[in-house]
Amino acid sequence: MSFFKVENLGIRFGGVVAVDKVSFEVKRGECYTIIGPNGAGKTTIFNLIGLLYPATSGKIFFQDKDLTSFSPHQVADLGIARTFQNIELFEHATVLQNLLIGRHRHRRTSLWQNLLFTPAVRAAELAQREAVEKVIDFLDLAKYRDGLVAGLPYGVRKVVELGRALATEPKLLLLDEPSSGLNPEETDDMAFWIEDIKRHLGVTVLMVEHDMNLVSRVSDRVLALNMGAVIAEGTPAEVQAHPAVIEAYLGKAA
Amino acid sequence: MRFLFKTDYAQDLKLFKHSGQVFWYATLVLLLLAAPFVAGEYLMSQLQFICIYSIVGLGLMLLVGFTGQISLGHAAFLAIGAYTEALLQARGVPFAVSLPCAALTAGMFGWILGLPALRLKGIYLAMATFAFNIIVVEVLTRWEGLTGGNAGLHLKPIELFGMKIDGDQSFYYLCLGLTILSILALMNLLRSPTGRAFVAIRDSEISASCMGVNLATYKTMSFALSAGLTGIAGALYAHKISFISPEQFTLIASIELVTIVILGGVGFIHGAVLGAGFLIVLPQLISIAKDYLPSGVSGAGLQSVVFGLVLIVFIIFEPLGLYGRWLKVRTWFELFPFYRRGMFRRQKSYMKSERLR
Amino acid sequence: MFLNQVLQLLLAGVAQGCVYALVALGFVLIYKATETVNFAQGDLMMLGGFFALTASVIMGWPYWATILFAVVVMAAVGMLIERIVLRPVLGQPAFTVVMITIGVGYVLRGVVTMVPGWGTDTYTFPTPFADGTFKIGGVIFAVQQVAVIVMTAALVTVLYLFFRFSKLGVAMQATSQNQLAAAYMGIPVRRVNMMIWGLSAGVAAFAGILLAPVTFVHSNMGFIGLLAFPAAVLGGFGSVPGAIVGGLIVGVVEAFAGRHLPEGFKDVAAYVVLLLVLFIRPSGIFGETARKKV
């Protein structure tokens, strides 16, 4: 059984081919990174996996289930969580409430029980709170817990995004440019967290990244894209030395 | 200054954050319970109206304030609740059954309206809701066989479990009880997964969906709950004025309902009650002011002008509404003398296109 | 015979539709520029009608002078409203701004009823076209209706030329697409917004004058403006030709519904059309769909 597989995935927006027959496979427990110049289609692939856009060709398989037969909100139920390149947090809620939304797929009580706030609901809420506190401990968010997201600095918001995704207890975590906008210390922290997520939480990580240091540090395998198509795949060292990749980023020698 | 020292998770689940809150709300409830014994008939009538409109306000607050949708047609649900109650009572159905039926019927229509709302946002949703309102009122006017058309329907006093509820006192307690239950239900919702899902939809639909919130289910649920609450208020309203006709539920009425939420403060439960109170009190103040107008100037337009001006002034200067102003005043006292100007200031932003929500 | 009847209804529908088209045009101008939906557009129309009435009846001016007077005065009123009421809320969510325009509508209606000499009465508006009719091949044309259609067409042409070729018109188009970028290009965005409101109010006044002979001038005249919503949505909110086309379609639908459907349907026909359009194709005939990039 393959853990996560993408086969000939493609999408066109009118005449523009944003993703062109991309295929790759992610093994369970590894950290797989997609790199490529801007406009290569990396975030589009994430949006296709999350079913935000309908693919015009190809298939996506998660634990041998065909994802394209599901709807966007069911993707989280299957165990896939994601962060967004431009942070999509709930601005007018506290950090705690944001993380608690991440527990939505673990809810057990019905609308009527909620309206009456039965003891079952109370017990469920306390259990969700425990689970979220574990994420808060993991990411050192304790002092921001009760603050409104709207007032937080950018670096902290990125961490809250990560926390919200972790709160869903995913099997596969999609990170969209986790280090963009972070200073070197924050990027260091992010690298440690990704390694911990991989090793201690047992979550498979699929990442889009630009920062090559971070990529080399945490990735097991790398996929390079350019103009929507695959140009190289392998370990970080192999891909960075690949002539097609160098050409895509730096151009050919004159 | 009061500091809340948290020692366990259950504290965050409590309805009242600290003993001070318990004291003040308990006092308020006691005063309200004692009202029939000290207040005159006129004040009792106003209190009943405030309760009824509070329930509508809570319904609208759920939809607009907590789920981020828009409804410029809520009077339609008030009408549906009122007419269901009137028609069922005329056929001998007891109040204990007809009230839930009014709520369920209104809720069902709310759910139906929620379905197309899934694809509509912002101004398009607003237009769909007011078109719905206009159509419902027209249907009620034309279907004379069922509704009596413009001649309207009369209602008899409520009979609940053998008791006649027609006096000021008993009807007031009924309204008050239902209002308190509605507030509790809404507060329960907000501290549960359902409420969080609503707030998530309000702030970012895309990421709510990615976290597993089924937008279709929750949006229609929000519409249905909101309409159901308004349906309950409609049934009470019908009994309060004993006579209903389609022209009481037009678009103008819907707009007045929305102002409850805006004037009270969008996103706060207290806002619904404060807004309802303000909406009832405002016309009284205007009537008093009419006497001071110079002769030759007709008083008919004064209500319209003041209403419009109040709305404009609130939106420009107090976007958080009456409850927002109260919060600011209370924070000033709590933090005295450390209150900083601009604590509640919202960020100035360029117009962000809502066509790309 | 049947064709004559159809043409007759078509004529009536188009004439009424012209008024809706003009009100919808006013909406769309403001929406394109500021993404505000102006619920007070109908009331601006009503106020324009009253100013024209005053010029005509009380001051005794000729028809064309009253049009000019009303349009200019309303343009000033529109600019004033934008400056005082709307500029403070620039940047707030659309719903908030809609509620402010609703408030403006209430104030306009209230003020009109309070002005001595206007009040709550209904007034007839004298026009040079009065009750003349002429016949072309079995279809009776009322001079009034033809005048409405011709004047609307003239105004639309003038506006088209204005937006296409004048500097201000192009600046308005730029502001409507991207405020921040327009500001960087040196366009005084706030002033342009103010002028768009002035232009919109002027168009509304024009519509009010065209409507006055049909509905008479009274303080609730503006409620017809609500029918412009289905028109604007049908045509595609944000599209100027769409507003015109939408208005004409709504006018025609109303005319045919009034003739062929039972009583009462005439009033709701436009809203049923609105709901259908919103469910099936919210972007309307000429509108564009866009989606957020995450």
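Placed above this text is the structure.
Quantities reported herein were computed from a predicted structural model and do not represent experimental measurements.

What counts, and at which threshold
In this numbering scheme, every chain counts its residues from 1 along its sequence in written order. Both sets of labels track the order of writing: A upward for chains, 1 upward for ligands. Totals for whole chains, interfaces and linings use all residues, but because this is a predicted model, local features are given only for residues with pLDDT of at least 70 and pairs of side-chain atoms are given and counted only at 80 or more. For side-chain calculations, the full set of non-hydrogen atoms in the structure is used, while hydrogens and water are omitted. Under the scheme used here, helices are H or I runs from DSSP no shorter than 4 residues and strands are E runs no shorter than 2 residues, and both carry numbers assigned from the N terminus. As defined in this context, the radius of gyration uses C-alpha atoms, and a globule is described by 2.2 Å times the residue total to the power 0.38. Here's how the labels work: a residue is buried when its accessible area is under 20% of the maximum for its type, exposed when over 50%, partly exposed in between, all with a 1.4 Å probe on protein chains only. Any two residues having at least one pair of non-hydrogen atoms within 4.5 Å are treated as being in contact. The accessible surface values rely on the Shrake-Rupley method and a 1.4 Å probe; as for residues, cover is taken only from the protein chains in view. Residues scored as charged are limited to Lys and Arg (positive) and Asp and Glu (negative), so that His and the chain ends carry no count. The atom standing in for a charge is NZ when the residue is Lys, CZ when it is Arg, CG when it is Asp and CD when it is Glu. Simply put, the buried area is the total loss of 1.4 Å probe accessible area from both parts when two parts are fitted together. The salt bridge criterion pairs a side-chain nitrogen of Lys or Arg with a carboxyl oxygen of Asp or Glu, the two atoms within 4 Å. In protein, a polar contact means a hydrogen-donor-capable atom and an acceptor-capable atom, both N or O and within 3.5 Å, with residues adjacent in sequence counting only if both atoms are side-chain atoms; elsewhere, any N or O pair within 3.5 Å suffices. Residue classes follow a fixed rule: Ala, Val, Leu, Ile, Met, Phe, Trp, Tyr, Cys and Pro count as nonpolar, while Asp, Glu, Lys and Arg count as charged, and any other residue, Gly among them, counts as polar. Following DSSP output, two strands are said to pair if at least two bridges run between them. What a helix is expected to span follows from its residue count: subtract one and scale by 1.5 Å. Classification of ring pairs uses Phe, Tyr and Trp, with its six-membered ring standing for Trp, and accepts pairs whose centres are within 6.5 Å; under 30 degrees between planes counts as stacked, over 60 as edge-to-face, and the remaining range as tilted. Structural elements are reduced to axes, namely lines fitted to C-alpha atoms, with helices fitted over the stretch in contact, and the angle between N-to-C directions of any two is expressed from 0 to 180 degrees. In these notes, a set of buried Ala, Val, Leu, Ile, Met, Phe, Trp, Tyr and Cys residues joined through side-chain atoms within 4.5 Å is what counts as a nonpolar core. Residues form patches when they are more than 30% accessible in relative terms and have no salt bridge. Like charges link within 9 Å. Nonpolar side chains (Val, Leu, Ile, Met, Phe, Trp, Tyr) link within 5 Å. Should an angle fall under 35 degrees it is called roughly parallel, over 145 degrees roughly antiparallel, and 65 to 115 degrees roughly perpendicular, with every other angle called oblique. Should the near helix be turned anticlockwise from the far one by less than a right angle, the crossing is termed left-handed; should it be turned clockwise, right-handed.

## Thoughts on the overall build of chain A
In step 1: Secondary structure assignment for chain A yields 10 helices and 10 strands.
In step 2: Over its C-alpha atoms chain A spans a radius of gyration of 19 Å, differing by no more than 12% from the 18 Å that the globule rule assigns to 254 residues.
In step 3: Dimensions of chain A, computed from the C-alpha atoms along their principal axes, are close to 70 × 40 × 35 Å.
In step 4: Scored against the burial criterion, the 254 residues of chain A give a buried share of 54%.
In step 5: Residue pairs in contact within chain A that sit at least 24 positions apart in sequence constitute 68% of those at least 6 positions apart.
In step 6: Surface exposure of chain A reaches about 10,900 Å², of which carbon and sulfur atoms provide 53%.
In step 7: When the 27 positive and 31 negative side-chain charges of chain A are each reduced to one mean point, those points stand 6 Å apart.

## Topic: the overall build of chain B
In step 1: Along its length, chain B carries 15 helices and four strands.
In step 2: A compact globule built from 357 residues would reach a C-alpha radius of gyration of about 21 Å, and chain B, at 21 Å, matches this within 12%.
In step 3: With respect to the principal axes defined by its C-alpha atoms, chain B has extents near 60 × 55 × 50 Å.
In step 4: Counting only residues that meet the buried cut, chain B has 54% of its 357 residues in that class.
In step 5: Of all intrachain contacts in chain B linking residues separated by at least 6 positions in sequence, the fraction that spans at least 24 positions is 75%.
In step 6: Positive and negative side-chain charges in chain B, numbering 27 and 17 respectively, have mean positions lying 13 Å apart.

## With respect to the interface of chain B and chain C
In step 1: Taken residue by residue, the interface counts 49 residues in chain B and 55 residues in chain C.
In step 2: Of the roughly 4,800 Å² buried where chain B meets chain C, counting both sides, 75% is carbon and sulfur surface.
In step 3: Remark: the boundary between chain B and chain C carries zero salt bridges.
In step 4: Here chain B is connected to chain C by two residue pairs in polar contact (both at pLDDT 80 or more).
In step 5: Only helix H6 (122–142), helix H12 (251–264) and helix H14 (302–317) of chain B provide two or more residues apiece to the side of chain B that touches chain C.
In step 6: Ranked by residues supplied to the side of chain B that touches chain C, first place goes to H6 of chain B with 11 residues.
In step 7: Counted by class, the side of chain B that touches chain C contains 34 nonpolar, eight polar and seven charged residues.

## What about the sheet that holds strand E2 (residues 16–26) of chain A?
All names here are of chain A.
In step 1: Read from one edge to the other, the open sheet built from four strands follows the order E2-E1-E4-E5, with strand pairing classed as antiparallel. This sheet does not close on itself; its edge strands, each paired only once, are E2 and strand E5 (65–66).
In step 2: Across two bridges, the pairing between strand E4 (residues 57–62) and E5 is antiparallel. The residue of E5 that forms the bridge with Phe-61 is Asp-66.

## Topic: H6 of chain B
In step 1: Along its 21 residues, H6 of chain B runs 31 Å from first to last C-alpha, staying within 8% of the 30 Å computed at 1.5 Å per residue.
In step 2: Most of H6 of chain B sits out of view: 18 of its 21 residues are buried.

## What about the packing of aromatic side chains?
In step 1: Overall, the coordinates contain 29 aromatic pairs over all chains when judged by the stated rule.
In step 2: Between Phe-130 of chain B and Tyr-271 of chain C the ring centres are 6.2 Å apart and the planes differ by 70 degrees, which places this aromatic pair in the edge-to-face class. Of the two residues, Phe-130 of chain B is situated in helix H6 and Tyr-271 of chain C in helix H11 (residues 265–280); the pairing between them involves two chains.
In step 3: For Phe-130 of chain B, a relative accessible area of 0% gives the class buried.
In step 4: Judged by its relative accessible area of 5%, Tyr-271 of chain C falls in the buried class.

## Observations concerning helix H1 (residues 2–34) of chain C
In step 1: Taking 1.5 Å of rise per residue, 33 residues should cover 48 Å, and H1 of chain C covers 46 Å from first to last C-alpha, within 8% of that figure.
In step 2: Among the residues trailing H1 of chain C, Glu-35 of chain C stands out with phi positive, at a value near 55 degrees.

## Re the environment of Asp-196 of chain A
Residues and elements named next belong to chain A.
In step 1: In this structure, Asp-196 sits in helix H7 (residues 184–199).
In step 2: Remark: the alpha-carbon pair of Asp-196 and Gly-234, spanning 38 residues in sequence, is separated by 22 Å.
In step 3: Once residues within four sequence positions are removed from consideration, Asp-196 is found in contact with Phe-138 and Leu-201.

## Remarks on the sheet that holds strand E3 (residues 31–35) of chain A
Residues and elements named next belong to chain A.
In step 1: Pairing within the open sheet is mixed, and its six strands lie in the order E6-E7-E8-E3-E9-E10. The sheet is open, and its two edges are formed by strand E6 (80–82) and strand E10 (229–234), each paired on a single side. With strand direction ignored, the average angle separating the axes of adjacent strands in the sheet is 15 degrees.
In step 2: As defined by bridge partners, strand E7 (residues 172–176) adjoins strand E8 (residues 204–208) across five bridges and the pair is classed as parallel. Of the residues in E8, the one forming a bridge with Asp-176 is Val-208.
In step 3: The strands touched by H7 within the sheet are E3, E7 and E8, with E8 carrying the most contacts at an inclination of about 145 degrees.
In step 4: Relative to E10, helix H10 (residues 243–250) is tilted by about 130 degrees, and along the sheet it contacts E3, strand E9 (221–226) and E10.

## Looking at the pattern of salt bridges
Close approach of charged atoms allows side chains of opposite charge to pair.
In step 1: In total, this model carries 24 salt bridges over all chains according to the counting rule given.
In step 2: The salt bridge partner of Lys-5 of chain A is Glu-7 of chain A, with a shortest N-O separation of 3.5 Å.
In step 3: On the basis of relative accessibility, which here comes to 32%, the residue Glu-7 of chain A falls in the partly exposed class.
In step 4: A salt bridge links Arg-145 of chain A to Glu-133 of chain A; the shortest N-O distance between them is 2.9 Å. On the criterion of sequence distance, the pair formed by Arg-145 of chain A in the loop between helix H5 (119–139) and helix H6 (154–167) and Glu-133 of chain A in helix H5 is long-range, its members being 12 residues apart.
In step 5: Exposure remark for Glu-133 of chain A: the relative accessible area of 6% places this residue in the buried category.
In step 6: Through salt bridges with shared partners, a single network forms among Arg-129, Glu-133, Arg-145 and Asp-146 of chain A together with Lys-6 and Asp-12 of chain B.

## Details of the pairing of E4 of chain A
Residues and elements named next belong to chain A.
In step 1: Inspection of the sheet shows strand E1 (residues 4–13) paired to E4 by five bridges, in the antiparallel sense. Bridge pairing in E4 links Glu-7 to Lys-59.
In step 2: Here E4 folds back onto E5, and the loop between the two strands holds two residues, one of which, Gln-63, carries a positive phi near 50 degrees.

## Regarding the environment of Trp-193 of chain A
Residue and element names in this part refer to chain A.
In step 1: Note that Trp-193 resides in helix H7.
In step 2: A residue is classified by how much of its surface remains accessible, and Trp-193, at 12% relative accessible area, is buried.
In step 3: In this structure, the C-alpha to C-alpha distance between Trp-193 and Phe-13, residues 180 residues apart in sequence, is 36 Å.
In step 4: Setting aside anything within four residues of it in sequence, one finds Trp-193 in contact with Phe-138, Leu-139, Val-159 and Leu-162.
In step 5: Among the polar contacts made by the side chain of Trp-193, one reaches the main-chain carbonyl oxygen of Phe-138 at a distance of 3.1 Å.

## Regarding the nonpolar core
In step 1: In terms of nonpolar packing, the biggest core is built from 211 residues, with Met-127, Phe-130 and Phe-249 of chain B touching the most fellow members.
In step 2: In this structure Phe-130 of chain B touches Leu-72, Gly-73 and Leu-251 of chain B together with Phe-39, Leu-226, Phe-229 and Tyr-271 of chain C, once residues within four positions along its chain are discounted.

## Some remarks on the side chain of Ser-209 of chain B
In step 1: Note on placement: Ser-209 of chain B falls in helix H10 (residues 205–210).
In step 2: In this structure Ser-209 of chain B comes out as buried when scored by relative accessible area, which is 7%.

## Considerations on the pairing of strand E2 (residues 139–142) of chain C
In step 1: Bridge count for strand E1 (residues 133–136) of chain C against E2 of chain C is four bridges, and the pairing is antiparallel. Residue Lys-135 of chain C lies in a different strand from E2 of chain C, and its bridge partner there is Ile-140 of chain C.

## Quick notes on a negative patch on the surface
Residues and elements named next belong to chain A.
In step 1: A grouping of Asp-137, Asp-140, Glu-185 and Asp-189 is seen on the molecular surface, where their side chains present a negatively charged patch.
In step 2: Looking at where Asp-137 falls in the secondary structure, it is placed in helix H5.
In step 3: Note on Asp-137: relative accessible area 55%, which makes it exposed.

## A few points about the packing of helix H9 (residues 228–235) of chain C against H11 of chain C
Residues and elements named next belong to chain C.
In step 1: Look at H9 against H11: their axes get within 9 Å of each other, and the N-to-C directions meet at 30 degrees. In terms of orientation, H9 lies roughly parallel with respect to H11. In this structure, the crossing between H9 and H11 has a hand that is left-handed. Contacts between H9 and H11 pair Phe-229, Pro-230, Val-233 and Leu-234 from the former with Ala-270, Tyr-271, Val-273, Leu-274, Val-277 and Leu-278 from the latter.
In step 2: Classifying every residue of the contact of H9 with H11 gives 10 nonpolar, no polar and no charged.

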